[in-house]
Amino acid sequence: MTALLLAPAMTIFAVLFVVPLAYFFVISFWRKVLFAMQPDFSFANYLQVYDQHSATLVFTLGLAFVVAALTTALGFIYAYLIRFKAGRWGPALLFIALITLFGGYLVKIYSWMTILGIKGVLNTALLALGAIDEPLPWLYYNAGAVVVTLVNFSLPLAILPIYASMRGITDIELEAARDLGAGGWRSFSDIVVPRSHVGTMAGFGLCFLLAGGDYLTPQLVGGKVNMIGVQIAAQFGLIFNWPMGAAMSFVTLGSSSAVALLAIYLFSQWRPR
Amino acid sequence: MNGLSSIVWRGIAGVFVVFLLSPLVLVILFSFTSRAQSAFPIEALSLRWWNAMVADPRFWGALWNSLVISGTVGVLSAIIGTMAAMGLARLEPRRARPAVAVLCLPLMVPPLVLGVTLLTFYSRAHFPMGRQTVIMSHLLFTLPFVVLVVYARLRNFDFRVVESARDLGASPLRAFFTVTLPIIRATVIGAALIAMSLSLDDFVITFFTISGGQTLPVFVFGMIRAALTPMANAIGTLILIMTIGTTLVALWLTRYRG
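Looking at the overall build of chain B
A tally of helices and strands in chain B yields 11 helices and zero strands. The principal-axis extents of the C-alpha atoms in chain B amount to approximately 70 × 65 × 30 Å. In chain B, buried positions account for 45% of the 258 residues. Contacts in chain B between residues far apart in sequence, at least 24 positions, make up 78% of those at least 6 positions apart.

Written out as structure tokens, the structure is:
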């Protein structure tokens, strides 16, 4: 009975996730000959990823790290606000995080185009305030714009798991710590941080993986900013080299999971004092 | 708490709220501009771009595709996800947890990689691409949410009421439809709506698996790349209304509070 109930979901998982990924992995060893794929067992694609795209990959992982670290830090502060500081406004803040989680991935990127552009909202506002005489061209089409946009739509993904962890911290624990003489910082570093560790790490990992694999944000607000996702998407568009795209996808998946796990491991060793 | 620190915390909360909401508010605001650019100053509020949207036949095609796809995804993931959650609820939590984690794996893969993987798979298997492939692909990332939400509800479900029904001679199916489902109905509908809103909002996976067709986000993307007018804002606003609207109903039904 249990197996029967789980069968449809597991079938979808196997047929549409495991099998396609396995097939995609096989294809990454094939070669593109003219406009067709030819079965082969060659590491040429992987060598080419190393030769041509390692700089892009390292840049992407660096940028994704900055995005994930910023998002996790901001998400932590926001979750802390909801749980400990906002009082009766807490549910409203949580509500805002929830509605921004599900709505408008593409819409948000588009909106940042109209905020940061040369005639964008920010430049218009600064000109009107007299803070600047000329529109600032450097708000847009650079890595900073990509980071701001990615942090903006990843933030709910960090807030919610961190808040879920913090909800488990009871006031009794904090009062006990205070009764035993712990100051505000001590109970923060010895109770709040370790007790919200799982959520914080889940938020960090999710944001890092999604930022590392994004291609629309650099394409739409990044200008010449080159991330590995843009290169992967190109292999399935104009360049039309699927085996190469497959190899790049697996290198990206592998390296970003490795970096995320390493970061999570190192952070779990650290306690603020 | 003293007054100063309270003011500081309020200020921080305010900055966060502005940062989270201003992109959404601006998209909506610019959809009502009378000018041809999504920028300040807005000379007059008008429905110019909303009229342009409903006059465009491509919009109606995209809307229809979006509704069919997200509706089907909602229903299918509710049925399959609830079945899976029922199965998991029969296991010990110790054994159910790894199964839940496995089902959540597709959420860990960037949508781009998932999209190109599925594109390669469908195309090599000579599976005709269109709405059906988009629906199948969306199930991958909507099912985990449905399973998580319904499983959480079943964790504090009193199974003795189902046992009573069975003792009184109801078949397992009859016990499900007359006892279990009425109790968990709100949660299941809420989970289906979350699946719908995720499906409605998806651009990346749809783009790679729809093969030439358009949904609302794919249509907006085409507009952003080509002639950029505030009509993109009108469609974007419509997407926001639909996704946030379904999310709100879902939150109310599932009584999810974080």
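Digging into the overall build of chain A
Check the secondary structure of chain A and you find 12 helices and two strands. Starting at the N terminus and ending at the C terminus, chain A contains elements arranged as α-β-β-α-α-α-α-α-α-α-α-α-α-α. Each principal axis of the C-alpha distribution contributes one length, and for chain A these read about 75 × 70 × 35 Å. Taken over 273 residues, chain A has a buried fraction of 45%.

Re the interface of chain A and chain B
Listed by partner, the interface residues are 62 residues for chain A and 62 residues for chain B. Among the elements that line the side of chain A that touches chain B, the one with the most residues is helix α1 (residues 2–27) of chain A, at 14 residues.

Focus on unusual backbone geometry
The residue Y141 of chain A is not glycine, and still its phi comes out positive at about 55 degrees. Looking at the element boundaries, Y141 of chain A is found in the loop between α5 (121–128) and α6 (143–166). A count of 19 C-beta atoms within 10 Å places Y141 of chain A in the partly exposed class. Even without a glycine there, the phi angle at S211 of chain B is positive, about 55 degrees. Tracing the chain through its elements places S211 of chain B in the loop between α9 (204–209) and α10 (216–225).

Considering the environment of F240 of chain A
Residue and element names in this part refer to chain A. Secondary-structure assignment places F240 in the loop between α11 (228–235) and α12 (242–268). Judged by the 12 C-beta atoms lying within 10 Å of it, F240 falls in the exposed class. Separated by 204 residues in the primary sequence, F240 and A36 have C-alpha atoms spaced 9.4 Å apart.

Description of the nonpolar core
Counting residues in each nonpolar core, the largest one holds 149 residues, and the members touching the most others are A9 and C207 of chain A together with A191 and A195 of chain B. In terms of residue count, α6 of chain A provides more of this core than any other element does, 14 residues in total. Beyond its immediate stretch of four places on either side in the chain, C207 of chain A contacts V67, A68, T71, T72, S154, L157 and A158 of chain A.

Thoughts on helix α2 (residues 44–85) of chain A
Helix geometry: α2 of chain A is bent most strongly at H53 of chain A, by close to 75 degrees. After α2 of chain A finishes, the residue G87 of chain A shows a positive phi value of roughly 60 degrees.

Looking at α1 of chain A
For an α-helix, 3.6 residues make a turn, and residues three or four places apart therefore share a direction. Here α1 of chain A spans 36 Å end to end across 26 residues, near enough to the 38 Å set by a 1.5 Å rise per residue. Within α1 of chain A, the axis deviates most sharply at P8 of chain A, by approximately 40 degrees. Buried within α1 of chain A we find L6, A9, I12, F13, L16, F17, P20, L21, F24 and I27 of chain A. The elements touched by buried residues of α1 of chain A are β2 (36–38) and α12 of chain A together with α3 (57–89), α4 (93–103), α5 (111–124) and α6 (131–155) of chain B.

Let's talk about the packing of α6 of chain A against helix α9 (residues 197–212) of chain A
All names here are of chain A. Between α6 and α9, whose axes approach to 7 Å, the crossing angle comes to 160 degrees. In terms of their interaxial angle, α6 and α9 are classed as roughly antiparallel. In this structure, α6 crosses over α9, and the sense of that crossing is right-handed. Mapping the contact onto sequence places L150, S154, L157, A158, P161, I162, A164 and S165 in α6 and V198, G199, T200, A202, G203, L206, C207, L210 and A211 in α9. The residue makeup of the contact of α6 with α9, split by class, is 12 nonpolar, five polar and no charged.

Here's the deal with the environment of V230 of chain A
Along the chain, V230 of chain A turns up in helix α11. Contacts of V230 of chain A, omitting those with residues within four sequence positions, involve Y215, P218 and Q219 of chain A.

Examining the packing of α10 of chain B against helix α11 (residues 231–254) of chain B
Residues and elements named next belong to chain B. Contact geometry of α10 with α11 gives a least axis separation of 10 Å together with a crossing angle of 160 degrees. In terms of axis orientation, α10 runs roughly antiparallel to α11. For the crossing formed where α10 meets α11, the hand is left-handed. On the side of α10, the interface is formed by L216, P217, F219, V220, M223 and I224, while α11 contributes M231, A232, I235, G236, L238 and I239. Looking at the contact of α10 with α11 residue by residue, the classes come out as 11 nonpolar, one polar and no charged.

Section: the confidence of the model for chain B
Caution is warranted with low-pLDDT regions, since their predicted coordinates should not be read in detail. Here chain B shows a mean pLDDT of 90. Residues at 70 or above account for 97%. Overall fold confidence for the complex sits at a pTM of 0.91, while the interface term, ipTM, reaches 0.91.

The rules behind each value
Residues numbered from 1 in each chain as written. Chains lettered and ligands numbered in written order. Predicted model: local features only at pLDDT ≥ 70, side-chain atom pairs only at ≥ 80, totals over all residues. Helix = DSSP H or I, 4+ residues; strand = E, 2+ residues; numbered from the N terminus. Buried ≥ 20, exposed ≤ 12 C-beta atoms within 10 Å, placed from the backbone. Contact = placed C-beta atoms within 7 Å. Core = buried A, V, L, I, M, F, W, Y, C linked by C-beta atoms within 7 Å. Bend = angle between axes of the 7 residues up to and from the residue. Expected span 1.5 Å × (residues − 1). Axes fitted to C-alpha atoms, helices over the stretch in contact; angles between N-to-C directions. Parallel < 35°, antiparallel > 145°, perpendicular 65-115°, else oblique. Left-handed = near helix turned anticlockwise from the far one by under 90°. Nonpolar A, V, L, I, M, F, W, Y, C, P; charged D, E, K, R; others polar. pLDDT = per-residue confidence, 0-100.

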